[in-house]
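Observations on the three-dimensional arrangement
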Amino acid sequence: MVLPSTEPPTSEPFHAVLAPHGIGYRIKLLSQLLARRFQERLDQFDLTIFHWVVLCCLWKEDGLAISSLGEKLQQVGGTLTGVLDRMESRGLIRRERDPHDRRIWRIWLTEDGHKFETILPPIAMELREQAMQDMSHSEREHFSELLNRAIANLS
């Protein structure tokens, strides 16, 4: 005698949202693969992906307040503080109190932090090129636009 399954049937309309077919699953997989490959390249510099994103923010706008940096990275203070501690001990950044508001700490790149601006972006571009090697320029732009729209829809 065959017992009825206790699992709901997976009907065709739900196929597209179930792993490994769901978009969330595939975006997470892509993110993990990119992160793993990038981390492999960062290891030679004793850096993490979190160091990379902090450096990217400071290359664009040096002297950010810690709170502004946290907002840009959407990170909680404790996590960011630990990363900044390690970056400061490595000599990549320095922290200074804001001269106009002593409650605010600002993060500044050191000379060593600035040096990575010529080293790391080409590595990131090489990895991006590898990931998108079979896509035309217009497909890459469209893919980016679609991702931005999906992010905006959920933000």
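Right above here is the structure, for reference.
Since we're looking at a predicted model, the values are computed, not measured. By convention here, each chain's residues receive numbers from 1 onward along its written sequence. Since the coordinates come from a predicted model, pLDDT governs what is reported: local features require at least 70, and pairs of side-chain atoms require 80 or more to be given and counted, while whole-chain, interface and lining totals use all residues. As a rule here, side-chain values come from all non-hydrogen atoms in the structure, and water together with hydrogens is ignored.

Let us look at the pattern of salt bridges. Should a side-chain nitrogen of Lys or Arg be within 4 Å of a carboxyl oxygen of Asp or Glu, the pair is scored as a salt bridge. According to the stated counting rule, one finds nine salt bridges in the structure shown. As a salt-bridge pair, Arg41 and Glu126 come within 2.8 Å of each other at their nearest N and O atoms. Taken together, the residues span a long stretch of sequence, with Arg41 in helix H1 (residues 23–42) and Glu126 in helix H5 (residues 111–131) at a distance of 85 residues. Residue classification places Arg41 among the partly exposed residues on the basis of a relative accessible area of 31%. For every residue, the accessible area obtained with a 1.4 Å probe (protein chains only) is divided by the maximum for its type, and the residue is called buried under 20%, exposed over 50%, and partly exposed between those limits. Judged by its relative accessible area of 47%, Glu126 is partly exposed. One salt bridge in this structure joins Asp101 and Arg103, with 2.8 Å as the shortest N-O distance. The numbering of helices and of strands both runs from the N terminus, where a helix is a DSSP run of H or I of at least 4 residues and a strand a run of E of at least 2.

With respect to the element layout, Thr110 can be found in the loop between strand E3 (105–109) and H5. What makes Thr110 buried here is its relative accessible area of 19%. Not counting chain neighbours up to four residues away, the residues in contact with Thr110 comprise Gly91, Leu92, Ile93 and Arg94. Whether two residues are in contact is decided by their heavy atoms: any pair within 4.5 Å suffices.

Further remarks concern the packing of aromatic side chains. Note on aromatic contacts: the rings of Phe and Tyr and the six-membered ring of Trp form a pair at centre separations within 6.5 Å, being stacked when their planes are under 30 degrees apart, edge-to-face when over 60 apart, and tilted otherwise. One pass over the structure, following the stated rule, counts three aromatic pairs. Taking 5.7 Å as the distance between ring centres and 85° as the angle between the ring planes, the aromatic pair formed by Phe45 and Phe116 counts as edge-to-face. One end of the pair, Phe45, is in the loop between H1 and helix H2 (49–60); the other, Phe116, is in helix H5, with 71 residues separating them in the sequence. The pair Phe45 / Phe116 is uniform in exposure class, with both members buried. Aromatic side chains Trp52 and Trp59 sit 5.8 Å apart centroid to centroid with 75° between the ring planes, which places their arrangement in the edge-to-face category. Exposure class is identical for Trp52 and Trp59. Each is buried. The structure contains a cluster of three or more aromatic residues connected by ring pairs, namely Phe38, Trp52 and Trp59.

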